[in-house]
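Given next are the chains, with one letter for each unit.
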Amino acid sequence: MNLSCIFQKLQRLQALFLAAILVICLSLTIGSPAALSANNTPEIDRKLKEQVLQIIHDNPEAILESVRDYQLEQQNQLRLARESFLDGVKNNPKTAIAESPVVGSPTQEILLLEFSDFQCQFCAQAHKTISQFMAKHQDQVTLVYKHLPLVAIHPQSLPAAQAAWAAQQQGKFWEYHNALFDAQQDLNEELYIAIAKNLNLDLDRFNSDRNSSAARAAIQKDMELALKLGIEGTPFFILEGETFSGVLELAEMENILAKVSS
């Protein structure tokens with residue numbers, strides 16, 4: 001987890017607990033005679049602010065304990081969600097795959113799930129390793145692609161994902177996927193059309209599909225799964241219960257495969 005994510009979570013926690021304190025103080029204040037008079041609104045605001053600040057000042061340990069309890073609860077929920085999903089990957093791979101594009105072994109006995117973003121430079125680097133890995137183990141491993149466009153920092157990640165989804169509807173996801181990573185520095189509308197033409201896609205259908213609610217829903221489903229599993233960055237991988245992220249060397253991936261295959 002990067003510092004930005006940690007900072008954002010702390011901000012959300014701070015807002016949550018301060019809001020709770022405000023609600024408590026407000027409920028106490030509303031019951032007072034002063035609250036019944038609109039003319040006393042400035043006085044209510046001043047007193048409410050003083051009460052909130054006093055509670056924070058007098059109870060720092062309680063607030064910190066509440067934050068810790070909340071964090072522990074969130075971590076426990078994340079752990080349970082991951083365990084449930086990873087069990088599902090092993091016991092019912094079709095559920096984990098759903099409608100996602102796959103390549104490699106048709107037996108689907110060993111799944112490699114990849115959460116990726118077409119505009120992420122680390123995903124592009126990982127793509128090279130994954131290509132080498134699948135070339136060696138395509139008879140043993142099934143690669144499953146999950147969309148995780150980081151739209152807050154990558155403005156072209158969602159349009160690229162939608163274009164790739166549209167190519168999938170015509171059986172050309174992986175060819176389109178490879179072309180996007182090969183031309184990652186030039187992601188734009190012109191490129192999406194050019195790749196579609198090079199792959200001889202039906203352009204009318206391609207444009208209709210990539211701008212459809214179905215495309216957005218499919219990508220959103222992958223993003224919601226990532227959120228449920230606590231995945232906040234790309235690339236992120238799940239190989240038969242083993243999770244790892246970032247750019248790995250081929251040898252590292254083969255070591256993980258050997259571990260899960262034993």
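Here the structure is a predicted model, which means the values were calculated and not measured.

Engineer: So what about the pairing of strand β5 (residues 242-245)? Which residues, and what values?
Structural biologist: Pairing between strand β4 (residues 236-239) and β5: 4 bridges, direction antiparallel. The residue of β5 that forms the bridge with F237 is F244. Taking the residues between adjacent antiparallel strands as the criterion, β4 and β5 are bridged by 2 residues, where E240 takes a positive phi near 50°.

Engineer: Before we move on, can you summarise the pattern of salt bridges with the specific residues and values?
Structural biologist: Scanning the model with the defined rule gives 4 salt bridges in all. E254 is the salt-bridge partner of K136, the closest N and O atoms lying 2.8 Å from each other. Here the residue K136 occupies a position in helix α5 (residues 121-137), and E254 occupies one in helix α11 (residues 250-261), the gap between them amounting to 118 residues. Residue R210 is joined to E189 by a salt bridge in which the shortest nitrogen-to-oxygen separation is 2.3 Å. Taken as a pair, R210 in helix α9 (residues 203-210) and E189 in helix α8 (residues 189-198) lie far apart in primary sequence, 21 residues in all.

Engineer: Give a description of the confidence of the model for the protein that names residues and reports values.
Structural biologist: Mean pLDDT over the protein: 83, with 78% of residues reaching 70 or higher. Across residues 25-38, confidence stays below pLDDT 50; counting only partners more than four residues off in sequence or on other chains, it has 13 contacts.

Engineer: Describe the pairing of strand β2 (residues 111-116), and please don't skip the residues or the numbers.
Structural biologist: Side-chain positions along a regular strand alternate between the two faces of the sheet. By the criterion of burial, β2 is predominantly enclosed, with 6 of the 6 residues buried. Of the two faces of β2, the one holding L111, L113 and F115 and the one holding L112, E114 and S116 are both buried throughout. For β2 and strand β3 (residues 142-147), the ladder comprises 6 bridges, and the chain directions are parallel. The residue bridging L111 from the neighbouring strand is T142, located in β3. With α5 bridging β2 and the parallel β3, this β-α-β connection has right-handed handedness. Bridge count between β2 and β4: 4 bridges; the pairing is antiparallel. The partner of F115 across the bridge, within β4, is F236.

Engineer: Give a detailed account of the nonpolar core, specifying residues and quantitative values.
Structural biologist: In terms of nonpolar packing, the biggest core is built from 40 residues, with L112, F118, Y176, L180, F206 and F244 touching the most fellow members. Looking at this core, the elements that each hand over two or more residues are α5, β3, α6 (157-168), α7 (173-182), α8, β4 and α11. Of the residues forming this core, the biggest block, 6 residues, is contributed by α5. Those residues in contact with L180 that sit more than four places away from it in its chain are F118, A160, A164, L187, Y192 and I195.

Rules of the game
- Residues numbered from 1 in each chain as written.
- Predicted model: local features only at pLDDT ≥ 70, side-chain atom pairs only at ≥ 80, totals over all residues.
- Heavy atoms only, no water.
- Pairing = 2+ DSSP bridges.
- Helix = DSSP H or I, 4+ residues; strand = E, 2+ residues; numbered from the N terminus.
- Salt bridge = Lys/Arg side-chain N within 4 Å of Asp/Glu carboxyl O.
- pLDDT = per-residue confidence, 0-100.
- Contact = heavy atoms within 4.5 Å.
- Buried < 20%, exposed > 50% of the residue type's maximum accessible area, 1.4 Å probe, protein only.
- Right-handed = clockwise from strand over helix to strand, strands pointing away.
- Core = buried A, V, L, I, M, F, W, Y, C linked by side-chain atoms within 4.5 Å.

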